[in-house]
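The residues making up each chain are set out below.
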Amino acid sequence: MSYTALYRKFRPENFKDVKGQDHIVTTLKNQIEAERIGHAYLFCGTRGTGKTTIAKLFAKTVNCENPVDGNPCGECRSCKAIAAGASMNVKEIDAASNNGVENIREIISDVSYSPADGRYKVYIIDEVHMLSIGAFNALLKTLEEPPSYCIFILATTEVHKIPITILSRCQRYDFKRITIDTITDRLRELMETEQVEVEEKALRYVAKTADGSMRDALSLLDQCIAFHFGQKLTYDMVLDVLGAVDTVVFSRLLREILDRSVLGCIDLLEEIVMQGRELTQFVSDFTWYLRNLLIVKTTDDVEDVLDVSSDNKKRLMEEAEMTDAESIIRYIRIFSELSGNIRYAGQKRILIEIALIKLCKPQMEIQTDSLLDRIRALEERMEKGIPMMAASMPASGGEGSAGVVSAPVKKELPKALPEEIKEIVGQWPAIVATAENLLKNQLKHAKLSLSVDGKLLLVVEEGISSDYFAIEGKKQYTPGKSGCTVTYWRILLVKRFLNLLSGLLAALLIIQSAALPASALRVQITTHKSSGYTDEEGN
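Here we summarise the structure given alongside this text. (Residues numbered from 1 in each chain as written. Predicted model: local features only at pLDDT ≥ 70, side-chain atom pairs only at ≥ 80, totals over all residues. Heavy atoms only, no water.)

**Regarding the nonpolar core**
Counting 38 residues, the largest nonpolar core has Leu 253, Ile 257, Phe 282, Phe 286, Phe 335, Ile 352 and Leu 356 as its most contacted members. For this core, the elements supplying multiple residues, two or more each, are helix 12 (247-258), helix 13 (262-274), helix 14 (279-298), helix 15 (310-320), helix 16 (325-342) and helix 17 (348-360). Looking at this core, the element that brings in the most residues is helix 14, giving ten residues. Setting aside residues up to four positions removed in sequence, Phe 282 forms contacts with Val 245, Phe 250, Leu 253, Leu 269, Ile 272 and Ile 352. The next biggest cluster of nonpolar side chains, apart from the first, holds 29 residues, and it includes Leu 187, Met 191, Cys 224 and Met 237. (Core = buried A, V, L, I, M, F, W, Y, C linked by side-chain atoms within 4.5 Å. Buried < 20%, exposed > 50% of the residue type's maximum accessible area, 1.4 Å probe, protein only. Helix = DSSP H or I, 4+ residues; strand = E, 2+ residues; numbered from the N terminus. Contact = heavy atoms within 4.5 Å.)

**Side note on the environment of Phe 250**
Tracing the sequence through the fold places Phe 250 in helix 12. Put simply, Phe 250 and Leu 290 are 40 residues apart on the chain and 9.0 Å apart in space, counted from C-alpha to C-alpha. Those residues within four positions of Phe 250 in sequence are excluded, and the remaining contacts are Val 245, Phe 282, Asp 285, Phe 286 and Tyr 289.

**Details of the sheet that holds strand 2 (residues 90-94)**
Taken in spatial order, the five strands of this open sheet run 2-3-4-1-5, and their pairing is parallel. The two strands at the open ends of the sheet, each matched to only one other strand, are strand 2 and strand 5 (171-174). On average, each strand axis in the sheet is inclined to that of its neighbour by 15°, with strand direction left out of account. Note that strand 3 (residues 121-126) and strand 4 (residues 150-156) share five bridges and pair parallel. Bridged to Ile 125 within strand 4 is Leu 154. Each of strand 1 (40-44), strand 2, strand 3 and strand 4 is contacted by helix 3 (residues 51-62), which is oriented at about 170° to strand 4, the strand it contacts most. (Pairing = 2+ DSSP bridges. Axes fitted to C-alpha atoms, helices over the stretch in contact; angles between N-to-C directions.)

**Observations concerning the pattern of salt bridges**
Taken as a whole and judged by the stated rule, the model has 24 salt bridges. Where Lys 348 meets Glu 278, a salt bridge forms, and the shortest distance between an N and an O atom there is 3.7 Å. Pair noted here: Lys 348 is in helix 17 and Glu 278 is in the loop between helix 13 and helix 14, with a separation of 70 residues, a long-range link. Three or more residues are tied together by salt bridges with common partners; here these are Lys 91, Asp 110 and Lys 121. (Salt bridge = Lys/Arg side-chain N within 4 Å of Asp/Glu carboxyl O.)

**Looking at the packing of aromatic side chains**
Inspection of the entire model under this criterion finds 13 aromatic pairs. Ring plane angle 80° and centroid distance 5.9 Å describe the contact between Phe 43 and Tyr 173, whose orientation is recorded as edge-to-face. Taken together, the residues Phe 43 in strand 1 and Tyr 173 in strand 5 connect sequence positions 130 residues apart. Each of the two residues, Phe 43 as well as Tyr 173, counts as buried. Relative to Tyr 289, the ring of Phe 250 has its centre 5.8 Å away and its plane inclined at 45°; by these criteria the two rings are tilted. With Phe 250 in helix 12 and Tyr 289 in helix 14, the pair connects residues that are 39 residues apart, well separated along the chain. (Phe/Tyr/Trp six-rings, centres within 6.5 Å; stacked < 30°, edge-to-face > 60°.)

**What about the packing of helix 9 (residues 200-209) against helix 10 (residues 214-227)?**
Helix-helix packing is characterised by the crossing angle of the two axes and by the distance between the axes. It is the contact of helix 9 with helix 10, at a shortest axis distance of 8 Å, that shows an interaxial angle of 135°. Taken together, the axes of helix 9 and helix 10 are oblique relative to one another. Here the hand of the crossing between helix 9 and helix 10 comes out right-handed. Of the residues in helix 10, those in contact with Leu 203, Val 206 and Thr 209 of helix 9 are Ala 217, Leu 220 and Leu 221. (Parallel < 35°, antiparallel > 145°, perpendicular 65-115°, else oblique. Left-handed = near helix turned anticlockwise from the far one by under 90°.)

What is shown is where atoms sit, not what they do.
Spelled out as C-alpha cells, the structure:
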C-alpha cells in the first residue's frame, strides 16, 4: 500500500479531533443538534487552519444516519461514502480552476435535483475568491434562496476579494491561527501513535515554523522524519533539514551589530552561507528574534508573551540591557524591508550584507531613527573619553588640507565714544566760528579724531599750523615715520584755548553741558603732511 502523508492520514474524523477552532466547532454542533442548519456558510482564515476539514465533517454529520453528540458515527453508509469521496450528496469544487460562469451554471442545474440518498446536498467551493465577477453574479440568486435540501460552504483565504453581496448571504466564520502549544501537543500525540521518538525542543521549533498552520507543521515533521528515518529526531537535525539557524547565532550576530563590527557580521554571514542555510528563512527568523528582544526591552512581564526557553529568555534580557528600543526598532525596519525584497532577489547574500552594513553604520541613512542612533554612538564614545576629531576642510587657497579646522575668529566691535567727546564733536563748528581770526584760520584746516586710548585728537597739517600750535602749546617734539609731530595739551592748554575764543559764554555752556571732569579730558594735536592725509573715520 502506498504511503499517505501525515496531514492526510491523521485528518480529523470527528469534531473532537479538530484543534484550535473550538468556537466554530461548538457553534456548528449546536446548530446540528438544534436542527437550525443554515443554507450558506463562509469559512475564512489562513492556510492549514481546518476550513476544508470542518466543511467535510459538517457535510458528513448532516447526512449521518446515527449522529452522536453532534458528531458523525463513521459507520453508516453515508459516512463511509463521504469519507471515501464517493458520495453524490457532497461535491467539492476548486474555484481556482473552475471559476467561470459555465461552472456555476452546472451547479445551479444540479441543485434542482433532490438528493437520492441522505438528507442534504452539500456544495463545498474552495478558494471561492478566485471566481470571476460573472460567476459570482450567477451564484447570487441560488445562494440567496436555495432549495431546503441544499447547503453551500464557501472557503477562502482572502475574504476581502469576495463581493459584499455574497458576504451578506452567508454565515461567516473566521478561523484563527493555531497556537504553538496546541500544535506541539497534537504533534506529540501523533508521534506516539507513529512510534517515532522526537525531542520536545524539535517539536516546538516545527510548531513555531508552521506559523499557526497544522497542515504545515505535519508536512515539515513528515519531511524531517523521512530525512532521518529510524533515528531519534533532535533539534539540530530539524535545523539541518529546514535550513534554519539556531538562536545562538542570532545572539552572536546582534552583539556584532551592537559593537559596530562590519567585519564580524560579514564573517558570521559567511559561516551561515557555508552551512547551507536558507537565507530567506534566516532573515525572517532574525526579524522574529529582534521582535522578541523589543518585547523584552519594553515589557516587564514577558512570561505570557514570549514562547522561548529559559536560556533564550535569559540571553534576551542580557542583550536588552545593551541597547535601546529605538535602535531595535530601526533594526526591525531594515530587516523587514529586506524580507520583502529578498524573496525574488538573485543575489540574496549581497542584500543581506548591505543590510548588516546599514545596521553597523547608521550614518548611511537619513531617517530619524538613524540620526538618533548616530547621536547615541557619539555620546557613548565621548563617555569613554575618545576625542572627536574635526572633519578636514579644504584650505582657503583651494588646496586640500588634512588639518583640524580652526574655530572662527570673533570680530571685536569698536568701543562706544564717551558722551563728552560726542558733545564736543557735535559743537565743533560753533566753537571754530567763535574763535579769533588767526586761530580760526588754523582750526579750519584741523580735524578731530580719537586715539586708541580714548583721547581727543586735534589733527593739523605740518607747516604753519603745526608751528603755530607748537609755539603756543610748548611743543613736546617726537619725530615719527611720516615726520608728524605730536603735542599733548593738558587742561591748562584747554583753558587758554577757550580764553582765545570771542564767544566765551557759548564755550562755557558747552563745557558745562558735557560735565567734563578736569582729570578726564586730554586733547592731542597731531600734525601730518598735507600730501596724503585723509580722515578715514570722517571726523
